[in-house]
Amino acid sequence: MSNDTVFASTKAGELTAFHVSDPNAIWSSVWIFPAGNDKEKPKAIYGTPVVTSDTVYFGAYDNKVYALDRSNGRPRWDAPFETHDPIIGAVILDPASNTLFAASEDGIVYGLDPATGRLKPSWRFDTGSQIWASPLLENGILYVPVMNGKLFAVEASTAHPIWAEPFKASAGLISKPVLADGKLLVGGIDRKLYAINSSTGRAAWSQPLVADNWFWAEPLVAGGVVYAPSLDDRVYAVNLSDGSAAWPQPFKASDPIRARPIIAGGTLVVVDRAGIVFGLDPADGTMKWPAPANLTEQVFADLVMLGERILISAHGGALFTVDPATGAFNPVVTR
Amino acid sequence: MDRLLRRPQQTSGAPSRPGSSNVMMIVIAGIVLAIIIAINAGYDPWNALFINPLINFLILFNNIFFHNFGIAIILFTIFMRMVTMPLTIRQFQSTRALSAIQPRMQEIQKKYKDPKRRQEETMKLYQEAGINPLGCLVPMVIQFPIWIALYRALRIMVGGTPESLVQLSQRLYPWSYLRGSVPLEQHFLWLNLGHPDTTFVLPVFVGVTTYLQQKMTTTTPTTPEQRQQQQMMNWMMPLFFVWITLAVPSGLGLYWFVSNVTAVMVGYMVMGRRIDWRQLSPFAVPAPAPAARAPRPERESQPRREREAEIVDDSGIESEATPLEAERKTHARRRRGKRKNR
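All residue numbers here refer to positions counted from 1 along the written sequence of the relevant chain. Chain letters start at A and ligand numbers start at 1, both assigned in the order the entries are written. Only residues with pLDDT of 70 or above have their local features reported here, since the model is predicted, and side-chain atom pairs are shown and tallied only from 80 upward, although totals for entire chains, interfaces and linings are computed over all residues.

Points about the overall build of chain A
What counts is decided by this rule: Secondary structure elements follow DSSP: runs of H or I of four or more residues count as helices, runs of E of two or more count as strands, with numbering from the N terminus. We take the radius of gyration over the C-alpha atoms and set the globule estimate at 2.2 Å times the residue count to the 0.38 power. Residues with at least 20 neighbouring C-beta atoms inside 10 Å of their own are called buried, those with 12 or fewer are called exposed, and the rest are partly exposed, where every C-beta is derived from the backbone. Think of it this way: build a C-beta for each residue from its backbone, and any pair within 7 Å is a contact.
When helices and strands are tallied, chain A shows 0 helices and 31 strands. For chain A, whose C-alpha radius of gyration is 19 Å, the value lies close to the compact-globule estimate of 20 Å for 335 residues. Counting only C-alpha atoms and orienting by the principal axes, one finds that chain A spans roughly 55 × 55 × 30 Å. Here chain A holds 335 residues, and the buried ones make up 50% of them. Restricting the contact set of chain A to residue pairs at least 6 apart, pairs at least 24 apart contribute 41%.

Re the environment of F18 of chain A
Residue and element names in this part refer to chain A. Secondary-structure assignment places F18 in strand β2 (residues 15–19). For the pair formed by F18 and D4, sequence separation is 14 residues and the distance between their alpha carbons is 8.3 Å. For F18, the contacting residues outside a window of four places in its chain are T5, V6, A8, W27, S28, S29, V30 and T334.

Structural notes on the pairing of strand β13 (residues 141–145) of chain A
Residues and elements named next belong to chain A. This is how it is decided: Strands are labelled as partners when DSSP assigns at least two bridges between them.
Where burial is concerned, most of β13 is hidden: 4 out of the 5 residues are buried. Here strand β12 (residues 136–138) pairs with β13 via 3 bridges, running antiparallel. Among the inter-strand pairings, L136 is bridged to a residue of β13, identified as Y143. In textbook terms, the turn of a hairpin is the stretch between consecutive antiparallel strands, and for β12 and β13 this stretch comprises 2 residues, one of which, N139, has a positive phi near 50°. Of the strand pairs in this sheet, β13 and strand β14 (residues 150–155) are connected by 5 bridges, and their pairing is antiparallel. Looking at the pairing, Y143 lines up with A153 of β14. The antiparallel hairpin formed by β13 and β14 contains 4 residues in its connecting segment, where G149 sits at a positive phi of about 90°.

Topic: the sheet that holds β2 of chain A
All names here are of chain A. Counted only if it meets this: Axes here refer to lines fitted to C-alpha atoms; in helices the fit is confined to the stretch in contact. Angles between the N-to-C directions go from 0 to 180 degrees.
Strand order across the open sheet formed by 3 strands is β1-β2-β3, with antiparallel pairing between neighbours. Pairing within the sheet leaves two strands with one partner each, and these edge strands are β1 (5–9) and β3 (28–33). Geometrically, the sheet is characterised by an average inter-axis angle of 20° between neighbouring strands, direction not taken into account. Bridging between β2 and β3 involves 5 bridges; their strand directions are antiparallel. Across the sheet, A17 pairs through a bridge with W31, a residue of β3.

Some words on the interface of chain A and chain B
This is how the line gets drawn: By the convention adopted, Pro, Cys, Tyr, Trp, Phe, Met, Ile, Leu, Val and Ala count as nonpolar, Lys, Arg, Asp and Glu as charged, and the other residues, Gly among them, as polar.
The interface of chain A with chain B comprises 16 residues on the first partner and 11 residues on the second. Its residues assigned to classes, the side of chain A that touches chain B comprises 10 nonpolar, 3 polar and 3 charged.

Structural notes on the sheet that holds β14 of chain A
With antiparallel pairing, the 4 strands of this open sheet are ordered in space as β12-β13-β14-β15 (chain A). Both edges of this open sheet fall to β12 and β15 (167–168) of chain A, since each of them pairs with a single strand only.

Quick notes on the packing of helix α6 (residues 102–111) of chain B against helix α7 (residues 115–129) of chain B
All names here are of chain B. Quick note on the threshold: To sort the angles, those under 35 degrees are grouped as roughly parallel, those over 145 as roughly antiparallel, those from 65 to 115 as roughly perpendicular, and the leftovers as oblique. Left-handed describes a crossing in which the near helix is turned anticlockwise from the far one by less than a right angle; the clockwise case is right-handed.
It is at 9 Å that the axes of α6 and α7 come closest, and there the two elements cross at 165°. The orientation of α6 with respect to α7, classified from their angle, is roughly antiparallel. Handedness of the crossing formed by α6 with α7: right-handed. Counting all contacts with α6, which are made through R104, M105, I108 and Q109, the residues of α7 involved are R118, E121, T122 and L125. When its residues are assigned to classes, the contact of α6 with α7 shows 3 nonpolar, 2 polar and 3 charged.

Some points on the nonpolar core
Cut-off, in case you're wondering: Here a nonpolar core is just a set of buried residues of the types Ala, Val, Leu, Ile, Met, Phe, Trp, Tyr and Cys, joined wherever their C-beta atoms sit within 7 Å.
Counting residues in hydrophobic clusters, the biggest one holds 140 residues, and the most contacted among them are V91, A102, V144, V270 and I312 of chain A together with L254 of chain B. Excluding anything up to four places from it in sequence, V91 of chain A contacts G47, V50, Y57, F58, G59, V65, L100, F101 and A102 of chain A.

Details of the pairing of β2 of chain A
The pairing of β1 of chain A with β2 of chain A spans 5 bridges and is classified as antiparallel. Bridged to S9 of chain A within β2 of chain A is L15 of chain A.

Quick notes on helix α5 (residues 85–100) of chain B
The cut-off we apply is this: The span one expects for a helix is its residue count, reduced by one, times 1.5 Å.
Helix length check: α5 of chain B (16 residues) gives 22 Å between terminal C-alpha atoms against 22 Å at 1.5 Å per residue, within 8%. Of all 16 residues that make up α5 of chain B, 13 are buried, and the element is covered over most of its length.

Things to note about the confidence of the model for chain A
So the rule is basically this: pLDDT expresses, on a scale from 0 to 100, how confident the predictor is about each individual residue.
Scored by pLDDT, chain A has a mean of 92; 97% of the residues are at 70 or more. Looking at the elements of chain A, mean pLDDT is at its lowest for β1 of chain A, recorded as 88, and at its highest for strand β22 (residues 234–239) of chain A, recorded as 98.

This is the structure:
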């Protein structure tokens, strides 16, 4: 989402730019990539695109990184940058070092020239394992969680590791990390949510938060509380300081939760895979809405704000807006 | 294994003995009971009883065998083939038994024009030879759910997309030894097990082995129409599998390839020297109809097992004697008969 334009990626491998003057009115598509006469589709686009004043960057499941002209959706590079394996996470643009980072399932983080899409001479960081999560860029440092359980902290300008040793979890790290109050929060397929000291790379809590299934969704931190959805259908709330429980009990949804939640108008909004949307009280995890909203579409994508409403992109490509105060929702009509 | 291979032919494809019927009934009752329990417990029985155990078992194989999912798929496929070996052997034995009575089948086809009478005579022949006409099909039907479950399990495991990984997370048993090893390493030889093989190597392997396996399990057609249909199927099925392999994750293609190779090897063990490898070639000239070479009156006096041993068919399953030797024997008998008449 950027100004009055929404860029929505669908599993079918298309990226569409919608002009949105009123979220409740009909959305008109400005362009679709690839254009109708292009046979090759990028298979699927899982990562959130990066939008600048003139370019839209994204990585796709066809192993490639694309740069499109924001105004008309035409490719800006001579050819997309190609890695060896699919790109599942989002690409990251670092204006300070003028580098576009793409982390591929081939285990390598590539530093590209955003203007040409070519690999920067010294920027190639091999993690030694698959990368499924989106890396995090904060204060010139790139944090990269990988599937062998390691979390790397790499200087964005030089690709040199910051910590003496990478942090090591007992199994793959799969969620995008969040940095809050000097602590990195990252979830893994060992069913644990870790808090890591961002300057040392060591565990910040005495014990990680343990669930019954993977922590895949990016956690949300607000008011000193970490809201962490899990694939065990629950949302956990713990204090950022020490990892102690912030709610009497975790909130139980109806299906695994992959999408990052959002706080809007004092309501914690969570959507599960089955497309059921819950509006919770962030203080105790109780339902605020009279009933959850049932979109009847699978949802994996993170929630984003669109004005005062929440925009949800469903797996099949449908879009919905939800009122965070009541849970009323509308399917977006596009043309 | 040896005991199974040496089992008298009469039992192959024959109706089950009372003992094995009881065992079969107990197994079926057990499966039905497990399905009822799973439904009552709120589980989807297909997933709870078949797919999820298979997924966890495959991951266990992966962890045991060097965390190499390609090797795990190969060994698991061989393991499953071993488990279902008695069924596969029965299938080959039934095929062989059906092939053995084809000359007499042809005679019935020629002799009786009335369909009802023809059917009666055919059933009588089956009964006489101790053959269950569904003997070839039953083992396949029993193995089919296993194959479908494996197919679905592999699709989930090597899907390689976030959606399939979320699905996988819901199916793993709460054992860190299993959970810690996903996502599985998808590279094996030149393949990415989660993606179709676009080099055409694996699809061609799958097509060739499907063809071989099919040729080994088809019986001799009794009419030209049947022969034409069978020839078409012999080509259509392998081509269909080539096409499917080009579209599905290559982990599945690997499974089909290994499964076919194992079946061909089992077929070799069952058929032994009876396989005429030249007849398996798609360019082979079909062997002449057995009835044309072996005159019925002379054979009537021979014991049935001997008669069956002389039969050659174009499915590649051959008698102890080669076609040339059979011809020589027939000529020799005719010559002897002529000398006696003089």
